[in-house]
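Working through the structure, step by step
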Amino acid sequence: MKFECAYIPIGVPTFHLESAQREFENSISMLKSVCEDIKYPDEMLLSIDKLKAFLDTLAPQLVIVQNITFANAAYISEVLKYFDCPVLLWTLREPVIDGGRLRLNSLTGAFSAANTMAALGRHFEYVFGSPAEESVRQKIKAVVSAAKLKSAMKALKLVQIGHTPQGFGFGRANDNEMLKNFGVTLDSIEARELIDKAKAYTDDEAAEYLEKAAGCINCLSDIPEKNRLDFARLYKAYYEFCRDNGVGAIASRCWPDFFVSFGTPVCSALAMLNDLGIPAACEADAYGALSMFAAQYLTGNPAFFGDPVSMDEGENTITFWHCGTAACSLAREDTGAVADVHCNRKIGPTLDFGCKPCDAATIIRIGKKANGDFRIFVSVGEILDKPKQFNGTSLVVKTKSNAAEIINRAVKDGWEPHFAVSYGNISEEMKALGGMLGIEVVCY
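Attention here is on the structure that accompanies the text. Worth saying up front: this structure is predicted, and the values here are computed from it rather than measured. (Residues numbered from 1 in each chain as written. Predicted model: local features only at pLDDT ≥ 70, side-chain atom pairs only at ≥ 80, totals over all residues. Heavy atoms only, no water.)

Let us look at the packing of helix 6 (residues 175–182) against helix 12 (residues 286–299). Packing of helix 6 against helix 12 leaves a shortest axis separation of 12 Å and a crossing angle of 30°. It follows that helix 6 is roughly parallel to helix 12 by the angle criterion. Here the hand of the crossing between helix 6 and helix 12 comes out right-handed. Only Ala286, Tyr287 and Leu290 of helix 12 make contact with helix 6, whose side of the interface consists of Glu177, Met178 and Phe182. (Axes fitted to C-alpha atoms, helices over the stretch in contact; angles between N-to-C directions. Helix = DSSP H or I, 4+ residues; strand = E, 2+ residues; numbered from the N terminus. Parallel < 35°, antiparallel > 145°, perpendicular 65-115°, else oblique. Left-handed = near helix turned anticlockwise from the far one by under 90°. Contact = heavy atoms within 4.5 Å.)

Here it is in structure tokens:
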């Protein structure tokens, strides 16, 4: 279903319509710059009849209800009767304060609408200000992006490949819970299905995928030939499985199966998928994969998936690391993506590099409380220009908040040990998404 956002400017004709018309035109211009999928009326909706006529033309995934002037609660009630989708309530700033006439009275209208939505138990996002204000534009842009992500989740098929290892139950997902809370379709297959698929490929059939990987992974030729070819077989098996089955994200079992039953790790195959726009988490962490999907969707870049393994109070940093599944495009320019052997099993190829810096980053985790309710972890910072910290792939985040306090709180609050780190600040989008889904967002 194509995403649709609707701009609904409500009001009454007894206020200063020249001022309202200017705000109406400026609002449309700004909204068109933020959302190409915006639908808007030809005129301000200054009666219930005009409002209903416009609502009849819509099928939105987000409505932006703006008090172009004051409007009583009957207006928002009509909107809520028509649509069960996220709502952004927008109050306009009074254009002139000169001791004379009240031009718009938008804020009183917002209180009226908000009171009704609260009474009906309907969540809504809120923004105050004129369309010329950058803070207003950024807030609306974040809410639109969150609504698009919510819509994209309803179209997402996420596949859990194999079971989580013993002691890693935090990543195990239930298909009904995934569908109910996020709209995501969760499928499951055994890891042996893709192992058997990979084993059946000939060297010639795998050669194309080995060539693709060699174009972006340095030192791949240093890995024994059998492991190189087996990696290419896994890469082909995983990619073609995702392509042929409409899979948008995966959470794959890795150890011990791929070392014991196949003889080559799956890490680098997952890294290649991450670069192809298919978020791929290891250790079969389904909610880790969903976190990666959210981060990638909002930024357009692969997300880093890893454990918080080190904290430096002096630098105010947290280091995230994993065995070697990071997308090649995240590698530092001076080293590029480098192939090596797994840090514990000493079998390759896995990836081995530090990640490139970024002046805005967000640490996120879609996880669960002890009582089973979902929650979202959000913390912002920057990714520093640091070499690899340990064998495997790593990045170092200098957090905006106190790093020691983040670690202390997060451990005591019982968060899962896997996080996604985005290349970009998506904190406002994640907060809005949590509100739309009715899920608590915890900011650190």
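Here the focus is the packing of aromatic side chains. Summed over all chains, the structure comprises 17 aromatic pairs. On the numbers, 5.0 Å between centres and 85° between planes, the contact of Phe182 with Phe374 is edge-to-face. With a gap of 192 residues between them, Phe182 in helix 6 and Phe374 in strand 16 (residues 374–383) connect regions that are remote in the sequence. On the basis of relative accessibility, which here comes to 7%, the residue Phe374 falls in the buried class. Ring geometry for Tyr209 versus Tyr235: centroids 5.0 Å apart, planes at 85°, classification edge-to-face. Of this pair, Tyr209 sits in helix 8 (residues 203–214) while Tyr235 is found in helix 9 (residues 225–245), placing the two residues 26 residues apart along the sequence. Judged by relative accessible area, which is 4%, Tyr209 ranks as buried. If you follow Lys236 out to its NZ or CZ, it ends over the ring of Tyr201, 4.9 Å from the centre. (Phe/Tyr/Trp six-rings, centres within 6.5 Å; stacked < 30°, edge-to-face > 60°. Buried < 20%, exposed > 50% of the residue type's maximum accessible area, 1.4 Å probe, protein only. Lys NZ or Arg CZ within 6 Å of the ring centre and 35° of its normal.)

Here we come to the sheet that holds strand 2 (residues 38–39). The sheet built from five strands is open, its strands ordered 2-1-3-4-5 with parallel pairing. In the strand order of this sheet, the two ends are held by strand 2 and strand 5 (125–128), each with one partner. Strands strand 1 (5–10), strand 2, strand 3 (62–67) and strand 4 (87–91) of the sheet are contacted by helix 1 (residues 17–34), whose axis makes an angle of about 165° with strand 1. In the packing of helix 3 (residues 73–82) onto the sheet, the strands contacted are strand 1, strand 3 and strand 4, and the crossing angle to strand 3 comes to about 175°. (Pairing = 2+ DSSP bridges.)

Before going further, it helps to examine the packing of helix 1 against helix 5 (residues 134–154). Contact geometry for helix 1 and helix 5: axes closest at 10 Å, N-to-C directions at 50°. It follows that helix 1 is oblique to helix 5 by the angle criterion. Viewed along their axes, helix 1 and helix 5 form a crossing whose handedness is right-handed. Packed against helix 1, whose contacting residues are Met30, Leu31, Ser33 and Val34, the element helix 5 presents Val136, Arg137, Ile140, Lys141 and Val144 at the interface. In terms of residue class, the contact of helix 1 with helix 5 is made up of six nonpolar, one polar and two charged. (Nonpolar A, V, L, I, M, F, W, Y, C, P; charged D, E, K, R; others polar.)

The subject of this paragraph is the pattern of salt bridges. Enumeration over the complete set of coordinates arrives at 24 salt bridges. For the salt bridge of Glu428 with Lys431, the shortest nitrogen-to-oxygen distance reads 3.1 Å. On the criterion of helical spacing, the pair formed by Glu428 and Lys431 is a turn pair, its members being three residues apart in helix 14 (residues 427–437). Several salt bridges share partner residues, and in doing so they unite Asp203, Lys226, Asp230 and Arg233 into one network. (Salt bridge = Lys/Arg side-chain N within 4 Å of Asp/Glu carboxyl O.)

Below, the discussion takes up unusual backbone geometry. Residue Pro256 is bonded to the preceding Trp255 through a cis peptide linkage, with omega at -5°. Position of Pro256 among the secondary structure elements: in the loop between strand 8 (249–252) and helix 10 (257–262). For the bond running from Gly348 to Pro349, omega is 0°, close enough to zero to count as cis. You can see Pro349 is positioned in the loop between strand 12 (339–340) and strand 13 (350–351). At Asn316, a residue that is not glycine, the phi angle is positive and equals roughly 60°. Along the chain, Asn316 falls in the loop between strand 10 (304–312) and strand 11 (317–322).

Attention now moves to the side chain of Thr399. Within the secondary structure, Thr399 sits in strand 17 (residues 393–399). We classify Thr399 as buried; its relative accessible area is 4%. Within the local environment of Thr399, its side chain forms a polar contact with the backbone oxygen of Ser401, the two atoms lying 2.7 Å apart. (Polar contact = N/O pair within 3.5 Å; in protein donor to acceptor, adjacent residues only side chain to side chain.)

The element strand 3 is largely enclosed, with a buried count of six among its six residues. By the alternation rule, side chains of strand 3 split into Leu62, Ile64 and Gln66 and Val63, Val65 and Asn67, which are all buried. The pairing of strand 1 with strand 3 spans six bridges and is parallel. Bridge pairing links Ile8 to Val65 in strand 3.

In terms of nonpolar packing, the biggest core is built from 131 residues, with Ile140, Met153, Met178, Phe182, Tyr238, Ile250 and Leu290 touching the most fellow members. With residues up to four places along the chain from it excluded, the contact list for Tyr238 reads Ile161, Leu194, Ile250, Ser252, Arg253, Phe258, Val266, Leu270 and Leu273. By size, the runner-up hydrophobic cluster in this structure holds 25 residues, among which are Ala6, Phe15, Leu55 and Val79. (Core = buried A, V, L, I, M, F, W, Y, C linked by side-chain atoms within 4.5 Å.)

For the rest of this paragraph, the subject is a nonpolar patch on the surface. A cluster of nonpolar side chains, namely Leu107, Phe111, Tyr126 and Phe128, defines an oily patch on the protein surface of about 390 Å² accessible area. Elements supplying a minimum of two residues to the nonpolar patch: helix 4 (106–119) and strand 5. The exposure class assigned to Tyr126 is partly exposed, which follows from its relative accessible area of 34%. (Patch = residues over 30% accessible without salt bridge, like charges linked within 9 Å, V, L, I, M, F, W, Y side chains within 5 Å. Areas by Shrake-Rupley, 256 points an atom, 1.4 Å probe, with all protein chains shown as cover.)

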